[in-house]
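# Structure at a glance
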Amino acid sequence: MGTPPVTQLEESVRQVADKAPAAGTTPSPVRRRGRKDGLIGYLFMSPWIAGFLLLTAGPMVASLYFAFTDYNLFDSPKWIGLGNFSEMFADPRWRTSVEVTAKYVLIGTPLKLLLALGVALLLAQSRRGQAFYRAAFYAPSLVGASVSVAIVWRALFSDDAVVDRAQTFLGMDVGGWIGDPAWVLYCLVALTVWQFGAPMVIFLAGLKQVPKELYEAAQVDGAGPWRRFWHITLPMISPVMFFNVLLETIHSFQIFGSAYIMSNGSCGPADATLVYTCYLYQQGFENSRMGFASAMAWMLLIAVGLVTAVLFWSQRRWVHYEEASR
Amino acid sequence: MRMSRHVERRTFLKAAGASLAGAGLTAAGCGAGSGSSGGPVTIRYAWWGADDRAKKINRTVALFEKKHPKIKVKTDFQQYGDFWKKFNTQAAGGNPPDVFQNAIGFLRKYDAKRVLLDLDAQAKKGNLDLGDFRAGLEKFGVVDGRLLGVPVGSNSMGLIIDERVFEKAGVTPAPGWTWDDWDDALVKIHDKAGVAGDSGPFGIMYLYDLILRQNGKAFFTEKGLGFTESDLVPYWTESMKRVRTGLYADQKKVEQIKPKSALAAGLAGGEFTWDNFTARYSAEGKSSYAIAPIPTADGKKTGQYLGSLMLSGSARTKHPAEVATFIDFMVHDPEVGRIMGYDRGVLSTNEQYEAFDPTDPVSKKIAAYEKQIAAAGTLETITPHPAGADVVEAAFLRIAADMALGKAPVEESARQFFTEAKTALGS
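What you see as residue numbers is a count from 1 along each chain, following the sequence as written. Here every chain gets a letter starting at A, and every ligand a number starting at 1, in the order they are written. Reporting of local features is limited, given that this is a predicted model, to residues whose pLDDT is at least 70; pairs of side-chain atoms are given and counted only at 80 or more, and all residues count toward the totals for whole chains, interfaces and linings. Computation of side-chain values: all heavy atoms of the structure, hydrogens and water removed.

## Looking at the overall build of chain A
Every helix listed is a DSSP run of H or I at least four residues long, and every strand listed is a run of E at least two residues long, numbered separately from the N terminus. Helix and strand counts for chain A stand at 15 helices and two strands. A fraction of 67% describes how many contacts in chain A between residues 6 or more apart in sequence connect residues 24 or more apart. Note that accessible areas follow from Shrake-Rupley with a 1.4 Å probe, and for residues the cover is restricted to the protein chains shown. For chain A, the exposed area adds up to about 18800 Å²; of that, 68% sits on carbon and sulfur atoms. Working rule for contacts: check all heavy atoms of both residues, and any pair within 4.5 Å makes them a contact.

## Regarding the interface of chain A and chain B
In many analyses, interface size is given as the accessible surface area lost on bringing the parts together. Counting residues at the interface gives 27 residues for chain A, matched by 25 residues for chain B. Accessible surface is computed with a 1.4 Å probe, and the buried area is the amount of it that two parts give up when combined, taken over both parts together. Note on chain A versus chain B: buried area summed over both sides is about 2200 Å², and carbon and sulfur give 52% of it. Summed over the three residues of chain A that lose the most area to chain B, namely Phe 74, Asp 159 and Ala 270 of chain A, the buried surface amounts to 27% of that side. Salt bridges are counted wherever a side-chain nitrogen of Lys or Arg sits within 4 Å of a carboxyl oxygen of Asp or Glu. Taken together, the links from chain A to chain B amount to three salt bridges. Between Lys 85 of chain B and Glu 286 of chain A there is a salt bridge; the shortest N-O distance is 3.3 Å. A per-class count over the side of chain A that touches chain B returns nine nonpolar, nine polar and nine charged. Gly falls in the polar group here, along with every residue not listed as nonpolar (Ala, Val, Leu, Ile, Met, Phe, Trp, Tyr, Cys, Pro) or charged (Asp, Glu, Lys, Arg).

## Here we look at the nonpolar core
Residues and elements named next belong to chain B. If you look at the biggest cluster of nonpolar residues, it comprises 123 residues, and the most contacted ones within it are Tyr 45, Tyr 208, Phe 219, Leu 232, Trp 236, Phe 326 and Phe 417. Take this core: its biggest share by element is nine residues, from helix α16 (residues 389–404). Not counting residues within four places of it along the chain, the set of residues in contact with Phe 219 comprises Met 205, Tyr 208, Asp 209, Leu 212, Gly 224, Leu 225, Gly 226, Phe 227, Val 392, Phe 396 and Phe 417. In these notes, a set of buried Ala, Val, Leu, Ile, Met, Phe, Trp, Tyr and Cys residues joined through side-chain atoms within 4.5 Å is what counts as a nonpolar core. Exposure classes here rest on a 1.4 Å probe applied to the protein chains alone. A residue is buried below 20% of its type maximum, exposed above 50%, and partly exposed in between.

## Thoughts on the sheet that holds strand β7 (residues 157–162) of chain B
Residues and elements named next belong to chain B. In spatial order, the strands read β8-β7-β9; together these three strands make up an open sheet with antiparallel pairing. A strand with exactly one partner marks an edge of an open sheet, and here the two such strands are β8 (270–274) and β9 (289–292). Each neighbouring strand pair of the sheet contributes to a mean axis angle of 35 degrees, computed without reference to strand direction. Where β7 lies against β9, four bridges are found, and the strand directions are antiparallel. Paired with Asp 162 across the strands is Tyr 289, a residue of β9. In this description, strands pair whenever DSSP reports at least two bridges between them. All axes here are fitted lines through C-alpha atoms, helices being fitted over the stretch that makes contact, and every angle between N-to-C directions spans 0 to 180 degrees.

## With respect to the state of the cysteines
Where two cysteines share a covalent bond between their sulfur atoms, that bond is called a disulfide. Residues and elements named next belong to chain A. Disulfide assignment relies on a single distance test, namely cysteine sulfur atoms paired within 2.5 Å. Summed over the entire model, instances satisfying the criterion amount to one disulfide over all chains. The residue that forms a disulfide with Cys 267 is Cys 278, at a sulfur-sulfur distance of 1.6 Å. With Cys 267 in the loop between α12 (257–262) and α13 (276–286) and Cys 278 in helix α13, this pair connects stretches of sequence that are 11 residues apart. In this structure, Cys 267 and Cys 278 share a single accessibility class: buried. Between Cys 187, a cysteine without a disulfide, and Cys 267, which holds the nearest cysteine sulfur, the sulfur-to-sulfur distance is 14 Å.

## Re the layout of surface pockets
Residue and element names in this part refer to chain A. By volume, the second largest pocket is sized at about 1300 Å³. Around the second largest pocket, the lining comprises 42 residues; the ones closest to its centre are Ile 250, His 251, Gln 254, Ile 255 and Phe 256. No other element matches helix α14 (residues 290–318), which puts seven residues into the lining of the second largest pocket. Partitioning the lining of the second largest pocket into residue classes produces 26 nonpolar, 14 polar and two charged. Both site types are read off a 1 Å grid over the protein atoms alone. A 1.4 Å probe that fits but cannot get out defines a cavity, while an open set with protein on both sides within 12 Å along at least five of seven lines defines a pocket; lining residues have an atom within 4 Å of a point. Grid points are joined across faces, edges and corners, and a volume is the space filled by probe spheres set on the points.

## Structural notes on the sheet that holds strand β3 (residues 99–103) of chain B
Residue and element names in this part refer to chain B. One open sheet holds the six strands; their spatial order is β2-β1-β3-β10-β6-β11, and the pairing between them is mixed. Two strands bound the open sheet, and with one partner strand each, they are β2 (71–78) and β11 (346–347). Pairing analysis gives two bridges linking strand β1 (residues 41–48) to β3, with the strands arranged parallel. For Ala 46, the partnering residue across the bridge sits in β3 and is Phe 100. Lying on the sheet, helix α4 (residues 104–112) is in contact with β3 and β10 (307–313); it crosses β3 at an angle near 115 degrees. The sheet contacts of helix α12 (residues 320–332) involve β1, β2, β3, β6 (150–155) and β10, and relative to β1 the element is tilted by about 50 degrees.

## Section: helix α3 (residues 80–92) of chain B
The terminal C-alpha atoms of α3 of chain B, which comprises 13 residues, lie 18 Å apart, in line with the 18 Å expected from a rise of 1.5 Å per residue. Inspection of α3 of chain B places Phe 83, Trp 84, Lys 85, Phe 87, Asn 88, Gln 90 and Ala 91 of chain B among the buried residues, and these make up the whole buried set. Buried residues along α3 of chain B sit against α12 and α13 of chain A together with β1, β2, β3 and α4 of chain B. Each helix should span, by expectation, one fewer than its residue count multiplied by 1.5 Å.

## Some details on the UniProt feature "transmembrane region" (unreviewed entry) in chain A
Mapped onto this structure's residue numbering, the UniProt feature "transmembrane region" (unreviewed entry) falls at residues 39–68, 104–124, 136–156, 183–207, 228–247 and 290–313 of chain A. As a span, residues 228–247 of chain A carries 100% helix and 0% strand, and end to end its C-alpha atoms are 27 Å apart. UniProt positions are given in the numbering used here, feature names are shortened, and annotations may be inferred rather than shown by experiment.

Next comes the structure, spelled out in structure tokens:
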């Protein structure tokens, strides 16, 4: 998603490069060449631009309009103003979906990042078989997004399956997690925490960037490992940490596949895994209420936007950029 | 090779539409798409079900293509829930399959959205024979005088029981038994066989409909709901009591083993469902299963009617004649009856019913059960459900399950159901 088109970057770089020596000399052929290059650049970009307009911008505008209508896909949309939004706030299932999602984000994201950081710290030290360990820890996030893993998860945590039997063996007769409204959300949390590979790799890259001299100097001054971690490692990787927190939080808000598949499409039992997007999907595709679903989607966008803004605002207090200290 | 511009464009549009919907339809050769040209015509046939049904349906389609070489049939199937999500999206995009499996709960819904083909015109042209249907099925797909579906099989609600459990408890259900008898049976099964008597029927709309009908009401009227909160609250209150006392199965376990049925998993001695499910349960479970009659309030009236799966056509199809020919073949051809058996209920036409001679014990039980309820003379006619009924049914099932898992008390659950039903039926 969202990688800037290379052609555009290259083009602007070239334009700057072209212009710099052009000062004072003959400007016309250069400008002509620049315009021609630009045209070619846009030509190469056109599939991306067309895709963006047709598949992203267009649907977004349409969805914004539908959010204020009653639209069942078949009859033409009926304008109802803020009707969908007021219905949303009065709907107990919508509130449930907000609660479930908030719980998932608040529990899952910090746990995932903690684990990612912990494992990254272990793997940052050079030892034998390091490449294997890195690959092994990263593997789950490669397969994790797929449907099959959610199915495997379901098989692991359902009644009389591996986890249940292990618990019974240990004397904890609580039954499978999948059918228990009190436990099933933690199944989802466990699944996302297990897929900590991507933030781990980013943490690893961040850890490699920390200058060795800082640790040596601190050691000379008598700082122990804990102190070195707290006062050198954490501040030095805080930009990377910020990036991970931001990305993982946004990502968590959009959880859908695992909740949908693990509950056989019901997002239950007892709405215990009714995450926001799942309810949105049910309203849109099962109840044919595209207007309501669109309104929900825009509420999600606003919520994620707000959370992102708060995170950006908070970074002044805890994220240290090297440029700022100079 | 001459190809008219008109055909070219249409083929292109068709292919584009199909690929957008993910169906991946390819134009079937030169000249496809125009019925009048006399060349081969391709129709799309979509249905829901599982693998064993897929095998049977593919055999019937192959047979059809052999006997009608100018019509090609492309099939497409999903599980029940996914089927309707895909169908809904395709229909909204103006690209529904030409022929598709349908059920009573969807007739008014899609009729109101002008998706269904009125097959009457084709019947009048002689492309579809409406004779020879079994008693009770002649007018099944008619809504407000329009023929919107043709039944392929009939089924009815029944109480499917684990024979070994009932034997152990010393309970023998007989036609005309009452709800009090059934209550006693639940206790006996719980005490003597050590298992819950039922998997918990409080979320099954079709059973509650029968209970309401026995009391002169119904789940649906033509426009909305035929009952009130004051009907539902006592029913659910009593049900919750039975969940707590173990007369109904542990709902957490029932939830865990889904999509397998609680009866087949041995969690309960009985389960109310469609009679043709006996076949599925026998394949799933380890015990032997039979169909017991629906308990009554007065020793006679069961409230039962024949339910059925149907074949419907799309109002947007470019080949209504071929669609009608296909449906005609599927409901009348004796060989199709022999292949399908009672997979979609007891075969709907006399030709097919007589052609299929059930040899396996399960099919025999289903046939005997339907014969018995027909002979009892208590069968009623079904009300075609109002638009939105499918959403109401799903809400009834979900809210009842949530309640049984302790999410909300009975009164609150009932209130929630009526709120959601109002939204679904109002749109």
